[in-house]
Amino acid sequence: MATYQEFIQQNEDRDGVRFSWNFWPSSRLEATRLVVPVSCLFTPLKERPDLPPVQYEPVLCSRANCKAVLNPLCQVDFRAKIWACNFCFQRNPFPPSYAGISEVNQPAELMPQFSTIEYIVQHGPPTPLIFLYVVDTCLEEEDLQALKESLQMSLSLLPPNALVGLITFGRMVQVHELSCEGIAKSYVFRGTKDLSSKQIQEMLGLTNSAPLGQQGRPLVPQDAAAFCRFLQPVHRVDMNLTDLLGELQRDPWPVPQGKRPLRSTGVALSVAVGLLEGSFPNTGARVMLFIGGPPTQGPGMVVGDELKTPIRSWHDIQKDNARHLKKATKYYEALANRSAVNGHSIDIYACALDQSGLLEMKCLSTLTGGHIVMGDSFNTSLFKQTFQRVFSKDYNGDFRMAFGGVLEVKEMGVGGTNQWKVCSLTPSTTLGIYFEVVNQHNAPIPQGGRGAVQFVTQYQHSNTQRRIRVTTIARNWADAQTQIQHIESSFDQEAAAVLMARLGVFRAESEEGPDVLRWLDRQLIRLCQKFGQFNKDDPASFRLSESLSLYPQFMFHLRRSPFLQVFNNSPDESSYYRHHFVRQDLTQSLIMIQPILYSYSFHGPPEPVLLDSSSILPDRILLMDTFFQLVIYHGETISQWRKAGYQKMAEYENFKQLLQAPLDDAQELLHARFPMPRYIDTEHGGSQARFLLSKVNPSQTHNSLYTWGQETGSPILTDDVSLQVFMDHLKKLAVSSST
Amino acid sequence: MDNTMTHWKFPLLVSRDRFRDELRMNVNQHTRMASPYGQPQPGYGQHGYAPLDGGYLAPYNGPGSAYQTGAPPQGYTPFTTFPYKAVTAHPVSDLSSPLDLGPTRGPPTSGPPPASAPQQYNQYSQSQGDIQNGPPSATQAPPRSAVSQPYNQGAMNLSGQRFSYPQHYGPPPTMQQVTNQMTGMQIASGPPTPAGPGYVPPHSSQPPVTTAYSATPLSSQTQAPPPASSASTQLPPPTGPAASQQYYGGPPPSSQQPFNSSLPPTSQQQFTSSAPPPPPQQTLPPSSYSGLMPPPSQAPAPPASQPQQAFLPTQPPFSSAPSPVSQPSFISGPPPPAQGSFPPTAPPPSSQPGPFPPLGPPPTSAPSGHFSGPMPPQQQPPLSQPSPYHSGPPPPRAQMPPTSMAQSNHLPPGPQGPPGPPGPLQQPPSHPGMQGGYPPQQNGAFGQTRGPQPGYAGPYPGQPNYGAPAPAPAPAPPAQKRLDPDAIPSPIQVIEDDKAKTTEPFTTGVRGQVPPLVTTNFQVKDQGNASPRFIRCTAYNMPCTADMAKQCPVPLAAVLKPLATLPPDETPPYLVDHGESGPIRCNRCKAYMCPYMQFIEGGRRFQCAFCSCITEVPPHYFQHLDHTGKRVDCYERPELSLGSYEFLATLDYCKNNKIPQPPAFIFLIDVSYSAVKSGMVGIICQELKTLIDYLPRENPEMESVVRVGFVTYNKVLHFYNVKSSLAQPQMLVVSDVSDMFVPLLDGFLVNVNESRLVIESLLDQIPEMFADTRETETVFGPVIQAGLEALKAADSAGKLFVFHTSLPIAEAPGKLKNREDKKLIGTDKEKSLFQPQVSFYNTLAKECVAQGCCVDLFLFPNQYVDVATLGVVPVSTGGSIYKYTYFQAQSDQERFLKDLRRDIQKPVGFDAVMRVRTSTGFRATDFFGSFFMSNTTDVELAGLDCDKAITVEFKHDDKLNEETGALMQCAVLYTSCSGQRRLRIHNMAINCCSQLADLYRNCETDTIINFFSKYAFRGVLNNPTKVVRDTLVNQCAQILACYRKNCASPSSAGQLILPECMKLLPVYLNCVLKSDMLLPGADVSLDDRAYLRQLISCMDVTESHVFFYPRLLPLMKLESGSLPVAVRDSEERLSKGGVYLLETGLHLFLWKKASVQRELLLNIFGSQSFNQIDPTMTSLPVLDNPFSQRLREIIDSFRAQRSRYMKLIVVKQEDRAELLFRHFLVEDKSASGGASYVDFLCHMHKEIRQLLS
């Protein structure tokens, strides 16, 4: 299987693609029998420092409904200067510019190593990037100050020619005009009124030029002049804007006792979307929403301003007691859709101790490829660094973000072509794509055939170029009847776990938690039944091949993960976790499902240990990475030593080093992670230790402690089943003849 | 008392109708004399005469007897006045000459006259026209000719003051005479002649007086007068049943008799009215005619006028003098007689035909002529008097003249007769005696008139004359000498008299006292009733019963100006604090503690003076009573001893039981294209920088607590954050005008001192920011909403200053469309143009009031902006509207800025509620002013400043008690500019009367006019203007008729008798009627009118007075320390080579004749040439000469007196702007068809007579 591992790794490195099955079942029926669907995780903008973009445009299949891009899998007749589309078999002549083509003089896109290739589209004027800050001013003074500083700082990170805009809101929504000298001008909208895009544009005085900027056509800069009042190139207004941000006041409206501040998030977003929609349709734009609490008035309101009415909890939602939920969600979805249509993405930076309505608003980011960042306060490094990282640059000095992305997937023998708007992409944005084999069982694809999939991603690079990245991959078809071994061995359990988890999360959005778990369990059991080797009704005889061996464990942790378990999580947190889960790449996703635990001790070099309560030992320092949290846990003894201050003594230099080691590693992780994880430094008995304790497999609990009779590890006070119990049940069910 | 008793009597001349009537009367009389009389009598009897007739019938046939008995004597006595009449007659006689004048007159008016004349009629009332028509047909050129003369006279008056008046009088008589002559009265004249001779002298004397006339007319006059006078005099005297006959036979004796017998003035009246007129006319005409025939017109005229005057005067004296005793009796009798006299008129026609075929026709014709004539007369007169007579046109005049003639005749006779005979003399004495009071009256009204304006005495039939005459025959001559054309009551005279009379401070302690006129400077001492600066009443004697009030429709109203500023030498109301429990009030009606509350039971309780409920005195307020039942501390407590004071209000009086926030001023400035271009924006911003330091404050030492906010707008609104912590102001644009809101709270309303730098920076930048604006559309509704919302958000009351330029056509609530449609003017739909075109603003106004948001609107329109609609909110919130049409920075800046400064600085209260409580028996039923009412009792004023007046009308709901009088208490709860909640209380006690005479004696015409104007200006909302005008005329006619009927001593119907206190009612009323609101000229826009409506609605009496009757000062000689005496608003008062200053409270004109003296020009303008003077100048050059200094002082002082700055407009004669100036010469005919004073008086008289008949 090493080969497969290598193959998979190679594929991922080259194309950013990981399929759940690397052999494809040849018919629909067989595909369904595999339990885990044929699907892949695709990272469209996977960073490829070794892949220089080509300076010409792709050659497309001439069939109108195909339009596939010429790729290495195409058959080429160099003499006739004809290529055959490997998707529709259309024979296409090469364009005149390819006249010099020959076997020894092949264009890059025909070379196998260029299964992924990036074209730079030359035509069309470059369109600037747009950053529209939408800032909540109903913040504590300290928070606002921190946010203002972050925003001011961000100006220096923007490309000089990028356009920036500022909308602030509280009880009212203010669109700030940036071009003016002297008096700072802003347009104010009442926070309770839902306005149509047209009304907003009229009120902003944009109507005169609106007819010019028709939808579907990016505005040329001259047209944009009219909107300059609100969106100005950074280099021209950064002073102004810095001052403006500096003078930004907290929302001045008094908040009576027992009330929440009135926060018109809904209208603010509506105005932002309306502004961009009218002025820069189909241009890469990023609406960055900074909120310090839930929307409390107007459309999109999540909770009333009465403090005595708490914001909805999962409990309320399950009881159908969240009266604003549906309305607000619908409102934000509509906004998100409008925004997506125009290729604008929306980020949400929510920093509040209580919930801030992410549940309702997450679609804004989910549907538009925006970020969601959740923190306790804007005045934390978590937010500050995360925000900074939004503007991080790649090796070329370009932003690690792309805009207006459109992903097109063309498959052969699997299904039709589909197209999605992703709006905003980062190099790590990873999509789960689920295929359906449409072949009927009675008309199997011939043996040895290869199925091909082409991903065409058009996007606006952060340097304003429009680019097209094309990834074409192929996999063999296999007959599930005869080649089940091949198929089984081609199983990518990591990818499959993530893909199944994404399905589960997707279901969890709309279904009750227990239902999702049941579904997940059933799928797991079916998979085990399909590929496990066992004797009926003999759990002990159950065996799984290596390619599936880890899968049940992933499922165990997935079941306990915050993506499916809402207990102890607020709806906002769940939304936040889920949002990130469905867009991170495989590695990160796996970490999310099953956090990584490292152990540091005097017994040896740092080593990964089982995510198990048995790993929690007094003389260890543990470093757990759950993606969202980074927990450093000092065992009881270590903790005592530390308190005693041994690390300060020269003779205990080694102890100091031991203490330092996880910190360094954590820093490394922190540095690469987006969003910044919550960094937790705790110790045995510390209140924050719960983060660790809730994650580890409760192999020892207060119930089992004495049964196991072991002194090692730390018992977890939980009623959750342990992995052992889970596996036992799984085996029992898998072998049971009744299911 | 004195005043009340005096009446103004006018010669018949005044009304054309009279002529007719009189003529008829005469005819009848004649007939009667012959036999028909009996017939007519019945008619007389019908009216009120009956009784008399019954008694007298036998002898005289009623009228005669009545006349003789009462009237003659009195009349005669008054006749002493006759001389005056004679004088007047002279004028009449002058008629002939007047004729000449007439033409001249005609010329002036001529162009217009023809038209104008008709118009006038129209104005008056069509009825006249009808009548005229009737009569004219009946007759007669001749009468007309006569008429024509009168008109001429009238014209004359216009042209030349003195002449004119006399002419007036003269003409009428002449007419009559003429007619008489025509009729062949000559014969009759014969008899009179005897008397005539006697008269003649007077006449002659008179003629001389009327120098002008004397020329040609004299002869005729003399002749005419004699006859007429003789006749009339004779007639009257004889009138005694037998007398009448005798009379005819020998007037003199009769006259004497009458005198003697007819001590009662009533008799005189009767004479004048019924008997006298007829006889006189007939007789006189004949007599006079006979003599006059040739000169008839002239001659008759004079006599006629004289007689009238004479009679009138006599009567008045009588009424005055005898009044107490005789009157009462008369009253019973008199009225009838008077009526009778009128009736005669009616009957006459009928009778006339038969008996006096000749006469009848003529008279009738005359009357008819009059009517028709009046119109034409003016024109015609000029044309050719003689011919007119014959011709159709004359008739109208004839009427006039006839009446006048008749009157004059009568009068002359009376006077002459009387004078000649002892009667007159006797009477005069009697008058004097009687008039202990009388003279004063006359003096008040007339005396001075005489003095200053001899003309008055003369012209004014009776009164002046009387005043003069009454004293003695001698006076007559002087009167004659001084004879001034002005015979009709002169506002200037009245004003000056009042000034002269007022030497002492006015103390308010006495109930029912009539304060000095608003034009008089006087000091007030509050001794228990509110100062007239706070409250002025139409009547200080209220009729006791509703029936009385109904009978005499003098409006019972008060003009309240609760926050009026007092002159420095008067103490502002004291602030009283009754502690935590709040002001002491009656338990039942909630009236506040006031001097009228009666403490009982040793001071433990008090009885409410309003509702009689007994309330416990709270322990902390207890005080012992002295032996008179007064609290010992009475004089230590303002609320127990003063008419006006303030209470500190407690929390209970605050909205939501919260101490109010200090108020806020929000400036909302239009920055659309036209606003910027006109310079308005720049000027405002510049000015506000300094003005914000002058926000109202209670204590000049302290900082104002008023906060300010700024908004600019075109079709979107820009709010400004001027928080002190900002380096630069911030602009917040709200374009969602459909649903207005305030975008910010903190930083919008700021303390001036804290945010000064930011505010100044803002005001510097606003003009720059919008310098290049191309936005032409504006909104308006949302602007007010914005201010309102801001105040709501700040939870405070306040004032919005909106500076607006154009019709708000941008898409927004309250959007308007241009609906100015000149075609609708004058139609029934006209009223709709004064109503708001959308209801949006009414609703908005209501909200504003609820929040205490007062709106002041400054308009800078270049075209129609629909003031009627835009003004709804200001008007309902106690705000003001200022309008600067075609605003140009250079020429209008000063006016605007001065207005703005004053408007911002003036003391103002917010969130006010006014309630007027009254003692039982009457209550406040209607309110006029700038405010809002959500129920029938509470006047809600979002803002109430020191210039706002509210007129309150009262009605009876029960009987009033003469003993206790009528009390009213006006309580205004308001938030002071320092944010203190206060109650201002004004108390007023007035008398109640069971005699109408008391009412007439204690009323104030200026206040009545204030009420009428407000009433009428509001009326146009629901009625066509014509209906409104007619209603006004009608009510005034009723008022005057009621007086005539119930209070005046009987006199000839031809006499116009006006109560002393109301003698200016006609002239003022005419001013109201011809105001732009009720009778717009072609160049008066709808906006102007709507603007005026608003202005009037909150004017106090001072303002409304000068507004309707502008002050016109001759500037030829200026002395420091005193103002030159004003002259009447008539072109003929403007002397050659003069320079005049005219102020209306809104406008200030400096008018100069083309022939102005160079020296004057040099002094004023520093320029010698008339043409070099820049007509666009708005201020006079500062020259270092006493004249210039004084003049500028005067102008400044004028401006200081008015709540609005008056831009100085320099008008040169024959300038285009002169039309504007002339518009304010309100005694003249107006270009828009408004009647001249004289014409209107005639009309009024006719109306009165109609009512009486």
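Residues numbered from 1 in each chain as written. Chains lettered and ligands numbered in written order. Predicted model: local features only at pLDDT ≥ 70, side-chain atom pairs only at ≥ 80, totals over all residues. Heavy atoms only, no water.

## Topic: the overall build of chain B
The helix and strand inventory of chain B stands at 55 helices and 29 strands. For chain B, the proportion of its 1253 residues judged to be buried stands at 69%. For chain B, contacts bridging at least 24 residues in sequence account for 81% of all contacts bridging at least 6. Total accessible area on chain B stands at roughly 36,200 Å², and carbon and sulfur atoms take up 53% of it. (Helix = DSSP H or I, 4+ residues; strand = E, 2+ residues; numbered from the N terminus. Buried < 20%, exposed > 50% of the residue type's maximum accessible area, 1.4 Å probe, protein only. Contact = heavy atoms within 4.5 Å. Areas by Shrake-Rupley, 256 points an atom, 1.4 Å probe, with all protein chains shown as cover.)

## Considerations on the packing of helix α49 (residues 1065-1073) of chain B against helix α55 (residues 1237-1252) of chain B
Residue and element names in this part refer to chain B. In contact at an axis separation of 9 Å, α49 and α55 are set at 105° when each is read in the N-to-C sense. Taken together, α49 and α55 sit at an angle that is classed as roughly perpendicular. Together, Pro-1066, Val-1067, Leu-1069, Asn-1070 and Leu-1073 of α49 and Tyr-1237, Phe-1240, Leu-1241 and Met-1244 of α55 make up the contact between the two elements. Along the lines of polarity and charge, the residues of the contact of α49 with α55 split into 8 nonpolar, 1 polar and no charged. (Axes fitted to C-alpha atoms, helices over the stretch in contact; angles between N-to-C directions. Parallel < 35°, antiparallel > 145°, perpendicular 65-115°, else oblique. Nonpolar A, V, L, I, M, F, W, Y, C, P; charged D, E, K, R; others polar.)

## A short note on the pairing of strand β3 (residues 39-42) of chain A
All names here are of chain A. The alternating pattern of β3 places Ser-39 and Leu-41 and Cys-40 and Phe-42 on opposite faces, both of which are buried. Across 3 bridges, the pairing between strand β1 (residues 17-19) and β3 is antiparallel. Within β3, the residue paired with Arg-18 across the bridge is Leu-41. (Pairing = 2+ DSSP bridges.)

## A few points about helix α39 (residues 680-691) of chain B
Residue and element names in this part refer to chain B. Under the 1.5 Å per step criterion, the end-to-end length of α39 is 16 Å for 12 residues, consistent within 8% with the ideal 16 Å. Summarising burial for α39: 9 of the 12 residues are buried, a large majority. Taken together, the buried positions of α39 are Met-680, Val-681, Ile-683, Ile-684, Cys-685, Glu-687, Leu-688, Lys-689 and Leu-691. Where the residues of α39 are buried, they touch β12 (664-670), α38 (673-677), β13 (707-713), α40 (756-769), β16 (798-804) and α45 (889-905). (Expected span 1.5 Å × (residues − 1).)

## A few points about the packing of aromatic side chains
Taken as a whole and assessed by the stated rule, the structure comprises 71 aromatic pairs over all chains. Pairing B:Phe928 with B:Tyr1015 gives two aromatic rings, centres 6.4 Å apart and planes at 65°, and the pair type is edge-to-face. Taken together, the positions of B:Phe928 in strand β20 (residues 922-928) and B:Tyr1015 in helix α47 (residues 1005-1019) put the pair 87 residues apart, joining distant regions of the chain. You can call B:Tyr1015 partly exposed: its relative accessible area is 35%. One aromatic cluster is present, formed by A:Phe131, A:Tyr133, A:Phe290, A:Tyr349, A:Phe378, A:Phe383, A:Phe387 and A:Phe391 through successive ring pairs. Across from the ring centre of B:Phe522, 5.0 Å away, lies the NZ or CZ of B:Arg533, which sits over that ring. (Phe/Tyr/Trp six-rings, centres within 6.5 Å; stacked < 30°, edge-to-face > 60°. Lys NZ or Arg CZ within 6 Å of the ring centre and 35° of its normal.)

## Considering the interface of chain B and chain A
With 28 residues of chain B at the interface, the matching set in chain A holds 20 residues. Here chain B packs against chain A, burying approximately 2,000 Å² in sum over the two surfaces, 56% of which is carbon and sulfur. Linking chain B with chain A are 2 salt bridges. The salt bridge involving B:Asp739 is made with A:Arg190; its shortest N-O contact spans 2.7 Å. At the junction of chain B with chain A, the criterion picks out 14 residue pairs in polar contact (both at pLDDT 80 or more). Among the secondary structure elements, those contributing two or more residues to the side of chain B that touches chain A are β14 (717-721), β15 (730-734) and α40 of chain B. Across the side of chain B that touches chain A, the residue classes break down as 17 nonpolar, 7 polar and 4 charged. With 5 bridges joining them, strand β11 (residues 184-190) of chain A and β15(B) adopt parallel strand pairing. The residue of β15(B) that forms the bridge with A:Lys185 is B:Met731. (Buried area = accessible area lost by both parts, 1.4 Å probe. Salt bridge = Lys/Arg side-chain N within 4 Å of Asp/Glu carboxyl O. Polar contact = N/O pair within 3.5 Å; in protein donor to acceptor, adjacent residues only side chain to side chain.)

## Regarding the domain arrangement of chain A
All names here are of chain A. What the domain assignment reports for chain A is domain 1 (4-122 + 399-488) and domain 2 (135-205 + 225-390). Centre-to-centre, using C-alpha coordinates, domain 1 lies 38 Å away from domain 2. Facing 11 residues of domain 1, the contacting portion of domain 2 comprises 19 residues. The junction of domain 1 with domain 2 conceals about 1,000 Å² of combined surface from both sides, 58% of it contributed by carbon and sulfur atoms. (Domains from an automatic or database assignment.)

## Section: the confidence of the model for chain A
All names here are of chain A. Here chain A averages 84 in pLDDT, and 92% of its residues register 70 or above. Looking over chain A, one finds the lowest element-wise mean pLDDT in helix α5 (residues 221-224), namely 44, and the highest in strand β8 (residues 130-136), namely 93. Within the model, the stretch residues 209-224 combines pLDDT values under 50 with 29 contacts to residues more than four positions away or in other chains. (pLDDT = per-residue confidence, 0-100.)

## Here we look at the confidence of the model for chain B
All names here are of chain B. Across chain B, the average pLDDT comes to 69, with 61% of residues at 70 or higher. Across residues 1-6, confidence stays below pLDDT 50; counting only partners more than four residues off in sequence or on other chains, it has 34 contacts. Note on residues 10-484: pLDDT under 50 across the span, and 2213 contacts to partners over four residues away in sequence or across chains. Across the whole predicted complex the pTM is 0.73, and at the interface the ipTM reaches 0.82.

## Comments concerning the UniProt feature "domain: Zinc finger Sec23/Sec24-type" (unreviewed entry) in chain A
In the UniProt entry, the feature "domain: Zinc finger Sec23/Sec24-type" (unreviewed entry) is given for residues 58-98 of chain A. What you have in residues 58-98 of chain A is 0% helix and 22% strand, and the ends, taken at the C-alpha atoms, are 11 Å apart. (UniProt positions renumbered as here; feature names shortened; annotations may be inferred.)

## Topic: the sheet that holds β1(A)
All names here are of chain A. Overall, antiparallel pairing links the 3 strands, which are arranged β1-β3-β18 in an open sheet. With partners counted over all chains shown, the strands left at the sheet margins are β1 and β18 (431-434), one partner each. Adjacent strand axes in the sheet meet at a mean angle of 20°, parallel and antiparallel pairs treated alike. Inspection of the sheet shows β3 paired to β18 by 4 bridges, in the antiparallel sense. The partner of Ser-39 across the bridge, within β18, is Tyr-434. Its contacts with the sheet put helix α13 (residues 493-510) on β1, β3 and β18, and the angle it makes with β18 is roughly 90°.

## Structural notes on unusual backbone geometry
Residues and elements named next belong to chain A. Cis geometry is found at the peptide bond from Phe-674 to Pro-675, where omega equals -5°. Inspection of the secondary structure puts Pro-675 in the loop between α19 (653-672) and β27 (678-683). In this model, Phe-627 sits at a positive phi of 80°, which is unusual for a non-glycine residue. Take Phe-627: its relative accessible area is 1%, and that puts it in the buried class.

## Quick look at the sheet that holds strand β25 (residues 621-625) of chain A
Residue and element names in this part refer to chain A. The mixed open sheet is built from 5 strands, whose spatial order is β24-β23-β25-β26-β27. Of all strands in the sheet, those with a lone pairing partner are β24 (604-608) and β27, marking the two edges. Strand-to-strand, the axes of this sheet are offset by a mean angle of 15°, without reference to chain direction. Strand direction decides the pairing type here: strand β23 (residues 596-601) and β25, joined by 5 bridges, are antiparallel. By the bridge assignment for β25, Tyr-598 is matched with Leu-623.

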